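Notes for the structure review
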4 protein chains.
Amino acid sequence: MTHKIAILGASGYTGAELVRLIATHPAMEIVAMSADRKAGQEMAEVFPHLRHLCLPTLCKIEEIDFWGVDLCFCALPHATSQAVIRELPSDMKVVDLSADFRLRDPEDYARWYGGAHDAVELQKEAVYGLTEFYREDIRNARLVAGTGCNAATGQYALRPLISAGVIDLDQIILDLKCAVSGAGRSLKENLLHAELSEGYHAYAVGGTHRHLGEFDQEFSVLAGRPVKVQFTPHLIPANRGILATVYVQGDAKTIHKVLRDSYAQEPFVEVLPFGQAPSTRHVRGSNFCHVGVTGDRIEGRAIVIAALDNLTKGSSGQAIQNANLMLGEEETSGLMLAPCFP
Amino acid sequence: MTHKIAILGASGYTGAELVRLIATHPAMEIVAMSADRKAGQEMAEVFPHLRHLCLPTLCKIEEIDFWGVDLCFCALPHATSQAVIRELPSDMKVVDLSADFRLRDPEDYARWYGGAHDAVELQKEAVYGLTEFYREDIRNARLVAGTGCNAATGQYALRPLISAGVIDLDQIILDLKCAVSGAGRSLKENLLHAELSEGYHAYAVGGTHRHLGEFDQEFSVLAGRPVKVQFTPHLIPANRGILATVYVQGDAKTIHKVLRDSYAQEPFVEVLPFGQAPSTRHVRGSNFCHVGVTGDRIEGRAIVIAALDNLTKGSSGQAIQNANLMLGEEETSGLMLAPCFP
Amino acid sequence: MTHKIAILGASGYTGAELVRLIATHPAMEIVAMSADRKAGQEMAEVFPHLRHLCLPTLCKIEEIDFWGVDLCFCALPHATSQAVIRELPSDMKVVDLSADFRLRDPEDYARWYGGAHDAVELQKEAVYGLTEFYREDIRNARLVAGTGCNAATGQYALRPLISAGVIDLDQIILDLKCAVSGAGRSLKENLLHAELSEGYHAYAVGGTHRHLGEFDQEFSVLAGRPVKVQFTPHLIPANRGILATVYVQGDAKTIHKVLRDSYAQEPFVEVLPFGQAPSTRHVRGSNFCHVGVTGDRIEGRAIVIAALDNLTKGSSGQAIQNANLMLGEEETSGLMLAPCFP
Amino acid sequence: MTHKIAILGASGYTGAELVRLIATHPAMEIVAMSADRKAGQEMAEVFPHLRHLCLPTLCKIEEIDFWGVDLCFCALPHATSQAVIRELPSDMKVVDLSADFRLRDPEDYARWYGGAHDAVELQKEAVYGLTEFYREDIRNARLVAGTGCNAATGQYALRPLISAGVIDLDQIILDLKCAVSGAGRSLKENLLHAELSEGYHAYAVGGTHRHLGEFDQEFSVLAGRPVKVQFTPHLIPANRGILATVYVQGDAKTIHKVLRDSYAQEPFVEVLPFGQAPSTRHVRGSNFCHVGVTGDRIEGRAIVIAALDNLTKGSSGQAIQNANLMLGEEETSGLMLAPCFP
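If you're wondering where the values come from, they're calculated on a predicted model, not measured in any experiment.

1. Some thoughts on the packing of helix α7 (residues 149–164) of chain C against helix α9 (residues 211–223) of chain C
How two helices pack is summed up by the angle between their axes together with the distance between the axes. All names here are of chain C. α9 packs onto α7 with a crossing angle of 15° between their chain directions and a minimal axis gap of 10 Å. One element, α7, and the other, α9, form an angle in the roughly parallel class. Read as a crossing pair, α7 and α9 show a hand that is right-handed. Along its contact with α7, which presents Cys 149, Asn 150, Ala 151, Gly 154, Gln 155, Leu 158, Arg 159, Ile 162 and Ser 163, the element α9 presents His 211, Glu 214, Phe 215, Glu 218, Phe 219, Leu 222 and Ala 223. Tallied by class, residues from the contact of α7 with α9 come to eight nonpolar, five polar and three charged.

Now the structure itself:
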């Protein structure tokens, strides 16, 4: 059976990544794609790498006939998603890739995103889309909120450790290195090739990055008490990839065992042998997440490193993984593409 | 039906690319993989991006039991392939990715590769693996010789034009830009990141590149008389991709029409609208080749530009396309992966 | 003696490069810098790599007191330069880095730049800034027009050959590869890191690039008859550098000798031994131009390759070289910085 | 007065960087250069970016006549330096860029470098080359030991804080990102462009990197008690640059003030305004080090980030800064080159 799929916001990188993955998905067919400013154009003009595909012409959202659409991916910018999704047919399944439905508490949303939420009812209904940890809820959800790509990476490293109570909750430092496509296809001076290549720097230093809202929400629920991590992202001259180097206090071997056991049955999360460190290059273009654990020369310290592709496992691949569940397909359907290296 | 596949030389980039593509191929199963110096290692150690796959341990060629193997990909270095293939079971299909069987004339081989051929009989039997132009021969072949990646790119731009007699055969200039993975995983100073990134240069200037042997052979057959192109490759700081900018003399619109018509039914060769120029980034990781034609302000001149991924369409993807034909599968089977951009 | 220098348009890459070079120039002092949209900011905010320097605050052009300024570099965008320069004190020396005064014929200007020139009188007065070929005129000039960076590169390869009459003037093909900083600090989608890195493509294919106006003008004067070259630029994923691969018909050894002799006394142009090919990485950040000549296997053909840094020798370094002459300084003053490799 | 300089090991990146800097140094002249495997070659062959310079032919160390040489830079590989320096004329000043004389305690050396030291007497005599903190000793030294490039970066962030007693000495985490040229011009698979570009990873995880020997030595002396930092380096796809993100516990504003005050008179260390984060791209090719401080949302935490160019301030620039002092020149002589951006 082929499910009819609509994509809202198809002219951004996560939109293009959805199309790339669906291109070889055995049970999905794209029937509508919107792109506000590029309505009327063919996808081949906007993303020439997709020119071999038969795709609907880009249109405005209001031009889409959602009748018969089984599932809609919403890859719109933050803050615009909520108003759009509120107006979609209420019996259509929706996977949102924006930040709009990640935080369950309207006050948290207001604090991190600087304004009141436009769709508070939906916010409550939305299921947090970190598949490995919300699998059953997602299967039954109508609206799934894709996670932040940095937030996903950090959680793959930390969730099992917090649940198992094997690390000091007050001494978690998350030094994260992310590639540039995470910033989207936006015209900002600091994203120009000449500005970015051959250099790197920290940004949102000091606990101001919005994905902290997700860390706080999720880790505090797991721990049953407030948990605040220290989180500093860095921008690296590469296009895809997130590497989270997480400094924790706890027994390294125990930490490794907990992660190994937690992910033993997971098709997309690979825990490396103890002492090995993952690399973003080895997950590029794929839905895999590699996790490594090493002890430190200082006793009681461990370094947990997680690597994934921000556009795939961190965003569009995750979205399809969730959609598979919502549509009753195999969770891995269309997602077993091997990483593209070199 | 699943075909049993062996890969010789699996520790190089074309070997890894074969594995990457076969990972999601519906009708191929890898049953043996050799890697001389890395025999005994798991593929996950040699190429961690493939760690999610169940693969046979790397072994030495002589340890492989070829009984039951339907097809063997030979991704060994130039000059070593011939002796190995000569000893393989004579009823097993073989796709060679080296240069050893590309030139039909032993003298040509000796001239370009600097020594006598070790398997002259096989050399005669081998079919040149440019699928779109040798499709029927490949279907019936036992041994297919994969083309040079640069040679493939230039031929996609030029073959239909030479066949149609619409360009001046004595005024063909092929300025080619290739990415670094074409040089393989070899330890050469000029392939180090610090040497290569942020700069570019021409190499093998003046008609000394070995792929000229293929151009000479193929174009002369097509034209029915000797054809010599001028060919200058350049090394570009990127990992995948070949861009051939071909300067020809002829009517640009006619040239475009000839290419459009020639490739109209081809699943992997896309001719862009007149005046558009392809980019390597839009074919990365895929088996597609994009071709563009533009006229020049100087009358009677045209520029034909072809772009492909050297590891996929230029090598391992081509090999699988040929293997599909040899095994009676759909030619496109396992090869419709969309390019990975950005 | 220290010359007082003003820079108009200091917030672009050529402006920043002027400051970088003047920082260690023994006889220049920057007394005023304009940047329209960033007026009021310190240079350290706009270009943090210059934060160690004591520099005037960025201001609007109209706020500059030009009294006492010996020379003004004008690094404004094309088309805005002419009106600004027209209003500058008529006794102040000016080196313009824009395209506004490169073409001597108002009709040529209109054809290539799409509009009438605003300062036709000045256009006639301006000296073309390719130092090695207009040295004496530049020494006595009040207004020097910096050349196009691509135009400079092609001319270093070709001027002596055209003057000496050793190549076929109707068979010149200039395949050029340029880095991204040549496009300036402008917010264009195709200049984003995620769009540009890891791929490359031709642009302005077919003889539409504006630097052709300079080639036509200069080569025709040298030859004493119209000369039209075929010119195709390509955008390469690197920040600095232009490589011009020039295909000519003539005797390669003669061509090499002509270039060697022509540049024998030049401090910044290095002709490599016959058969060697230059690389952009070996001139990065410097005012040097490397030129190489190779013969082809096809008799009577030669490949001339020139490499320079578009921001230095192709623009701001050239501007300072010219300013040195205009101010009576040593031509090489402040410009002997060795290339920055790796 | 011009000092006569010899460079041992001129065919590596730090050797080339010495030559690049000395090229415009007003008071140094290179009179001899060794390169064991490349003896007999011209520097222009080994490093074509230096072809404009008049340099002595590369030779073997034993061929050098050290008579009249004022100072010798020794840029040989670790472990080979000690035996070579032991045999040099005992009245010649030496700046060593290897790791051989960084650790004062022979046992520390043996532990981190895996063997007994060959020149224990010299080891005692050698002065640690972090100029800003050993200035007077360096001025009077005969043998100066250049610091590790990572070790230098971490120390610029931490030394004043440890001295001032404003951070918790047991909670220092140093997450470091370094570019590839730090690994030298060595033929290692993981340094190939195709392996390295577009990806990043941690290495020497868990406290095994040798520069920890320097951190331990220096910080413990400053603190008057053993200090052990946690240190994890990462390899980033760029050629030059080190970024040290240091997580400390203490008052952020105090920390900023201590650093500001400590470096107020330093010509090469720039402390950014509070809350700003430095970038490696803004120090590339220069001898500057940028330091930034930010507080965290978690009270009592601060992030100190230091950025420098590993080949310049982290190695060859530092060496020349020290040589200037040893030779009685201005400390900044030849080192005020502005960073090369973009």
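Next, the rest of the story.
2. Observations regarding the interface of chain A and chain D
Residue-level contacts link 56 residues of chain A with 56 residues of chain D. Here chain A meets chain D over a buried area of about 4,500 Å², counting both sides, of which 49% is carbon and sulfur. Broken down residue by residue, the surface that chain A buries against chain D is led by Glu 198, Tyr 200 and Arg 297 of chain A, which jointly contribute 20%. Applying the counting rule to chain A against chain D returns four salt bridges. Contributing elements (two or more residues each) for the side of chain A that touches chain D: β8 (173–178), α8 (193–196), β9 (201–202), α9 (211–223), β10 (230–235), β11 (242–249), β13 (289–295) and β14 (301–308) of chain A.

3. Quick notes on the domain arrangement of chain A
Residue and element names in this part refer to chain A. We note that the domain assignment places domain 1 (3–147 + 313–326) and domain 2 (150–309) within chain A. If you average the C-alpha positions of domain 1 and of domain 2, the two centres end up 24 Å apart. Each side of the interface is counted separately: domain 1 has 25 residues, and domain 2 has 34 residues. For the domain 1 and domain 2 pair, buried surface summed over both sides reaches about 2,400 Å², with 49% attributable to carbon and sulfur atoms. Contact with domain 2 buries surface across domain 1, with Tyr 13, Trp 112 and Lys 313 losing the most and accounting together for 30% of the total. Taken together, the links from domain 1 to domain 2 amount to four salt bridges. Note that Glu 266 and Arg 135 form a salt bridge whose closest N and O atoms lie 2.6 Å from each other.

4. A few points about helix α10 (residues 252–263) of chain D
Residues and elements named next belong to chain D. The first and last C-alpha atoms of α10 sit 17 Å apart over twelve residues, in line with the 16 Å expected at 1.5 Å per residue. Residues Ala 252, Ile 255, His 256, Val 258, Leu 259 and Tyr 263 constitute the buried set of α10. Axial view of α10: buried residues confined to an arc of 160°, hence all on one face. Opposite the buried face of α10, at more than 90 degrees from it, the exposed residues are Lys 253 and Lys 257. On its buried side, α10 packs onto α6 (131–139), α7 (149–164), β11 (242–249), β12 (269–271), β13 (289–295) and β14 (301–308).

5. Here's the deal with empty space enclosed by the protein
On inspection of all chains with the given rule, the structure shows eight cavities of 30 Å³ or more. Of the pockets and cavities examined, the largest cavity occupies roughly 230 Å³. In terms of lining residues, the largest cavity is bounded by 17 residues, among which Pro 237 of chain A, His 193 and Ser 197 of chain C together with Ser 197 and Pro 237 of chain D are the most central. In terms of residue class, the lining of the largest cavity is built from five nonpolar, eight polar and four charged.

6. Section: the sheet that holds strand β6 (residues 127–128) of chain B
As a general point, the strands of a sheet are linked pairwise by backbone hydrogen bonds and lie either parallel or antiparallel. Residue and element names in this part refer to chain B. Pairing is parallel across the open sheet formed by seven strands, whose spatial order is β3-β2-β1-β4-β5-β7-β6. What marks the edges here is a single partner per strand, and that holds for β3 (58–59) and β6. The pairing of β6 with strand β7 (residues 143–145) spans two bridges and is classified as parallel. Counted as the bridge partner of Tyr 128 is Ala 145 from β7.

7. Notes on the pattern of salt bridges
According to the stated counting rule, one finds 96 salt bridges over all chains in the structure shown. Residues Arg 142 of chain B and Glu 125 of chain B are paired through a salt bridge, measuring 3.3 Å at the closest nitrogen-oxygen approach. Linking Arg 142 of chain B in the loop between α6 (131–139) and β7 with Glu 125 of chain B in helix α5 (residues 120–125), this pair joins segments that are 17 residues apart in sequence. Each of Glu 17, Arg 20, Arg 240 and Asp 309 of chain A takes part in one network of salt bridges that share partners.

8. Brief notes about the state of the cysteines
Counted according to the given criterion, the structure contains zero disulfides over all chains. Between Cys 54 of chain A, a cysteine without a disulfide, and Cys 59 of chain A, which holds the nearest cysteine sulfur, the sulfur-to-sulfur distance is 17 Å. Judged by its relative accessible area of 81%, Cys 54 of chain A falls in the exposed class. Left unpaired, Cys 149 of chain C is separated from the closest cysteine sulfur, that of Cys 178 of chain C, by 6.7 Å.

9. Observations concerning the nonpolar core
Within the largest apolar cluster, 377 residues are counted, with the highest numbers of intra-cluster contacts made by Phe 73 of chain A, Phe 73 of chain B, Phe 73 of chain C together with Phe 73 of chain D. Phe 73 of chain A has contacts with Ile 5, Ala 6, Ile 7, Leu 8, Leu 18, Ile 22, Met 28, Val 95, Leu 97, Ala 319, Ile 320 and Ala 323 of chain A, leaving out every residue within four places of it along the chain.

10. Comments concerning the side chain of Asp 96 of chain D
Residues and elements named next belong to chain D. When you line up the elements, Asp 96 lands in strand β5 (residues 93–96). Here Asp 96 occupies a buried position and makes no salt bridge, while the nearest side chain of opposite charge, Arg 102, is found at 6.8 Å. Once residues lying within four places of it in the same chain are set aside, the contact partners of Asp 96 are Cys 74, Ser 81, Ile 85, Phe 101, Leu 143, Val 144, Ala 145 and Gly 146.

11. Structural notes on the interface of chain D and chain C
Across the contact, 33 residues belong to chain D and 33 residues belong to chain C. Carbon and sulfur atoms supply 66% of the area that chain D and chain C bury against each other, a total of about 2,800 Å² over both sides. Linking chain D with chain C are zero salt bridges, by the criterion used here. Linking chain D to chain C there are five residue pairs in polar contact (both at pLDDT 80 or more). The dominant element in the side of chain D that touches chain C, judged by the number of residues it contributes, is helix α1 (residues 13–22) of chain D, at three residues. Considering only residue class, the side of chain D that touches chain C consists of 16 nonpolar, ten polar and seven charged.

12. So, the pairing of β10 of chain A
Across a regular strand the side chains alternate sides, sitting on one face of the sheet and then on the other. Residue and element names in this part refer to chain A. Of all six residues in β10, six are buried; the element is thus mostly enclosed. Neither face of β10 is left uncovered, since the one carrying Gln 230, Thr 232 and His 234 and the one carrying Phe 231, Pro 233 and Leu 235 both have all their residues buried. Inspection of the sheet shows β8 paired to β10 by six bridges, in the parallel sense. Counted as the bridge partner of Asp 175 is Thr 232 from β10. As paired strands, β9 and β10 are joined by two bridges and run antiparallel to one another. Following the sheet pairing, Ala 202 is matched in β10 by His 234.

Thresholds, definitions, all that
- Residues numbered from 1 in each chain as written.
- Chains lettered and ligands numbered in written order.
- Predicted model: local features only at pLDDT ≥ 70, side-chain atom pairs only at ≥ 80, totals over all residues.
- Heavy atoms only, no water.
- Axes fitted to C-alpha atoms, helices over the stretch in contact; angles between N-to-C directions.
- Helix = DSSP H or I, 4+ residues; strand = E, 2+ residues; numbered from the N terminus.
- Parallel < 35°, antiparallel > 145°, perpendicular 65-115°, else oblique.
- Left-handed = near helix turned anticlockwise from the far one by under 90°.
- Contact = heavy atoms within 4.5 Å.
- Nonpolar A, V, L, I, M, F, W, Y, C, P; charged D, E, K, R; others polar.
- Buried area = accessible area lost by both parts, 1.4 Å probe.
- Salt bridge = Lys/Arg side-chain N within 4 Å of Asp/Glu carboxyl O.
- Domains from an automatic or database assignment.
- Expected span 1.5 Å × (residues − 1).
- Buried < 20%, exposed > 50% of the residue type's maximum accessible area, 1.4 Å probe, protein only.
- Arc of directions from axis to C-beta.
- 1 Å grid on protein atoms, 1.4 Å probe; cavity = no way out; pocket = protein on both sides within 12 Å on 5 of 7 lines; lining within 4 Å.
- Points joined across faces, edges and corners; volume = space filled by probe spheres on them.
- Pairing = 2+ DSSP bridges.
- Disulfide = S-S within 2.5 Å.
- Core = buried A, V, L, I, M, F, W, Y, C linked by side-chain atoms within 4.5 Å.
- Lys, Arg positive; Asp, Glu negative; His and termini not counted.
- Polar contact = N/O pair within 3.5 Å; in protein donor to acceptor, adjacent residues only side chain to side chain.

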